[in-house]
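Architecture and fold: a report
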Amino acid sequence: MSFFPVIIIGAGAAGLMCAAQAGARGRQVLLLDHANKAGKKILMSGGGRCNFTNMYSEPGNFLSGNPHFCKSALARYTQWDFIELVAKHGVPYHEKKLGQLFCDNKASDILNLLLAECDAAGVDLRLDTQIEKIDKLETGYRLLTSGGSFDCESLVIATGGLSIPTLGATGFGYQVARQFGHELLPTRAGLVPFTITEPQLKELCTELSGTSVEDCLVSCNGQSFKENILFTHRGLSGPAILQISSYWQPGDSVQINLLPHLDLPEWLAEQQRERPNSELKTLLGELFTKKMANLLAEQWFVSKPLKQYTPAELNTVATRLAEWTLVPAGTEGYRTAEVTLGGVDTREVSSKTMESLKSPGLYFIGEVLDVTGHLGGFNFQWAWASAHAAAQFV
């Protein structure tokens, strides 16, 4: 039987960060993971460049059944603190757009930074280790694993959510939470593409697969995001769609303004005055790809010279482009989702320490908790902040 003051389960972003910070405080840390490699999700994030934080991170960028929970941790470890760590390791980075910070080179720069910090803090990292059983002791916990038995004072669960099972995601953290008396809020895929089954719309999406439309305004349930959308063989994706998916429930309609930068009724009337002989599809071809313009002209409108449209007909064209309303059949699910919504109910966890209010010495950090960020580096910032919070107390 080996004893470690702190055992952390899950060597992803939150687990690595917490291990490094607790180790730097002088705590002896054992970090366990069932995978053969640490930080797999870090490596594939941001298209392989890791969108490691966002310059505009604030509590309003996070969804939770308990919206105030994230405020304390985010205030105590900010995006600027992580940026300072990145600079300390000489990792080159850039802002892509909207405050999103990416590595210039590869996501492995961030993983290597975390591994170097763990190494410097004397963290004992053991991979390929299955957790078979966890028991509560009088003080602390006993873990039975495929690599032996371990006792600890503080046990940190950093096992993430259910998204992207091919990278090893499981519901392990939720099982541990349940075992020790925690409520779980229903989980579902977040930051995920929509699937479309309505025949005419499905045909449009399939025909336009790979086509992107810049800076659309996508709205659902009182939330709106202005970003690109992308047509796919199965439906719709792209940043604006991923963002709104976290606010969508089955059966809800989604509204898309394809041209939010234009006052469409006024613009169409102006075009009609200035170029009455131009066809509608020619006009649309200047705003979208030619293929998309032709398909919209065929499926949504009757394309004819602008002078032949009545004001009412032009208004109908404007409304269709500015208020395209559709009901997704569903989402692509956890297979491609970037995050998991729901999870461990934060009303049963200390917002200051991340410690369980049900089982002393047990901590939850990162995505396993019911805190989910918007797209653009916010989920990594939650990993860093919640890990830092727990590391000061384990």
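Per an unreviewed UniProt entry, the protein goes by NAD(P)/FAD-dependent oxidoreductase and derives from Aquipseudomonas guryensis.

The next point concerns the overall build of the protein. Scanning the protein from N- to C-terminus turns up 13 helices and 21 strands. A principal-axis box enclosing the C-alpha atoms of the protein has dimensions of 85 × 40 × 35 Å. Looking at the protein residue by residue over its 394 residues, the buried ones come to 55%. Contacts spanning at least 24 positions in sequence make up 73% of the contacts within the protein whose residues lie at least 6 apart. The average position of the 33 basic charges and that of the 40 acidic charges among the side chains of the protein differ by 2 Å.

What follows is about the UniProt feature "domain: RsdA/BaiN/AoA(So)-like insert" (unreviewed entry) in the protein. Feature annotation in UniProt assigns "domain: RsdA/BaiN/AoA(So)-like insert" (unreviewed entry) to the following positions: residues 188-339. Helix makes up 36% of residues 188-339 and strand 24%, whereas the separation of the span's terminal C-alpha atoms amounts to 9 Å.

A word on the pattern of salt bridges. Taken as a whole and judged by the stated rule, the model has 13 salt bridges. A salt bridge links R275 to E286, with the shortest nitrogen-to-oxygen separation between them at 2.5 Å. Taken together, the residues R275 in the loop between α9 (264-274) and α10 (280-285) and E286 in the loop between α10 and α11 (290-299) connect sequence positions eleven residues apart. You can call R275 partly exposed: its relative accessible area is 24%. Exposure remark for E286: the relative accessible area of 48% places this residue in the partly exposed category.

In the structure shown here, the tally under the stated rule is zero disulfides. Of all cysteine sulfurs, the one in C18 lies closest to C152, which takes part in no disulfide; the gap is 12 Å. Just so you know, C205 is unpaired, no disulfide at all, and the nearest cysteine sulfur is the one on C216, 12 Å from it. Exposure remark for C205: the relative accessible area of 1% places this residue in the buried category.

With that settled, consider the sheet that holds strand β12 (residues 194-195). Pairing is antiparallel across the open sheet formed by seven strands, whose spatial order is β17-β16-β13-β14-β15-β12-β18. In this open sheet, the two strands that pair with only one neighbour each are β17 (324-326) and β18 (330-331). The pairing of strand β13 (residues 212-220) with strand β14 (residues 223-231) spans seven bridges and is antiparallel. Across the sheet, the residue bridging to V218 is F225, located in β14. Across the sheet, helix α7 (residues 199-207) lies against β14, β15 (235-237) and β17, angled at about 115° from β17, the strand it touches most.

As a further point, take the nonpolar core. Across soluble globular proteins, nonpolar side chains show a tendency to be buried alongside one another. I110, I134, L143, L155, W382 and W384 are the most contacted members of the largest nonpolar core, which has 80 residues in total. Here this core gets ten residues from one element, more than from any other, and that element is helix α13 (residues 378-391). Sequence-distant contacts of L143, defined by excluding residues within four places in its chain, comprise I7, I9, L32, I131, K133, I134, G148, S149, F150, C152 and L155. Of all hydrophobic cores here, the second largest spans 46 residues; its members include W248, W267, F288 and A318.

Below, the discussion takes up the sheet that holds strand β6 (residues 100-103). Pairing in this open sheet of three strands is antiparallel, and the strands run β3-β6-β5 from one edge to the other. Because the sheet does not close on itself, it has two edges, and the strands there are β3 (51-54) and β5 (93-95). Taken over all neighbouring pairs, the strand axes of this sheet differ in orientation by 30° on average, direction set aside. Strands β3, β5 and β6 of the sheet are contacted by helix α4 (residues 79-88), whose axis makes an angle of about 140° with β3.

With that settled, consider the domain arrangement of the protein. When the domains of the protein are assigned, the result is domain 1 (2-188 + 340-391) and domain 2 (194-331). Listed by partner, the interface residues are eight residues for domain 1 and twelve residues for domain 2. Approximately 770 Å² of surface area, both sides summed, lies buried where domain 1 meets domain 2, with 46% of it carried by carbon and sulfur atoms. By the criterion of area lost to domain 2, the three top residues of domain 1 are R188, H374 and L375, representing 58% of everything that side buries. Put simply, K97 and E227 hold a salt bridge, and the shortest N to O gap is 3.1 Å. Across the domain 1-domain 2 interface, the total number found is five residue pairs in polar contact (both at pLDDT 80 or more). Along the lines of polarity and charge, the residues of the side of domain 1 that touches domain 2 split into four nonpolar, two polar and two charged.

With that settled, the discussion passes to helix α3 (residues 69-76). Three or more residues of α3 are buried, namely F69, C70, A73 and L74. Around the axis of α3, the buried residues are gathered within 100° of arc, so they sit on the same side. If you follow the buried residues of α3, they end up packed against β4 (62-63) and α13.

Position of K358 among the secondary structure elements: in the loop between β19 (339-344) and β20 (362-364). In this structure the C-alpha to C-alpha distance between K358 and G160, which are 198 residues apart in sequence, comes to 20 Å. Not counting residues up to four positions away in its chain, the partners in contact with K358 are F180, G181, H182 and E348.

Basis of the calculations
- Residues numbered from 1 in each chain as written.
- Predicted model: local features only at pLDDT ≥ 70, side-chain atom pairs only at ≥ 80, totals over all residues.
- Heavy atoms only, no water.
- Helix = DSSP H or I, 4+ residues; strand = E, 2+ residues; numbered from the N terminus.
- Buried < 20%, exposed > 50% of the residue type's maximum accessible area, 1.4 Å probe, protein only.
- Contact = heavy atoms within 4.5 Å.
- Lys, Arg positive; Asp, Glu negative; His and termini not counted.
- Charge placed at Lys NZ, Arg CZ, Asp CG, Glu CD.
- UniProt positions renumbered as here; feature names shortened; annotations may be inferred.
- Salt bridge = Lys/Arg side-chain N within 4 Å of Asp/Glu carboxyl O.
- Disulfide = S-S within 2.5 Å.
- Pairing = 2+ DSSP bridges.
- Axes fitted to C-alpha atoms, helices over the stretch in contact; angles between N-to-C directions.
- Core = buried A, V, L, I, M, F, W, Y, C linked by side-chain atoms within 4.5 Å.
- Domains from an automatic or database assignment.
- Buried area = accessible area lost by both parts, 1.4 Å probe.
- Polar contact = N/O pair within 3.5 Å; in protein donor to acceptor, adjacent residues only side chain to side chain.
- Nonpolar A, V, L, I, M, F, W, Y, C, P; charged D, E, K, R; others polar.
- Arc of directions from axis to C-beta.

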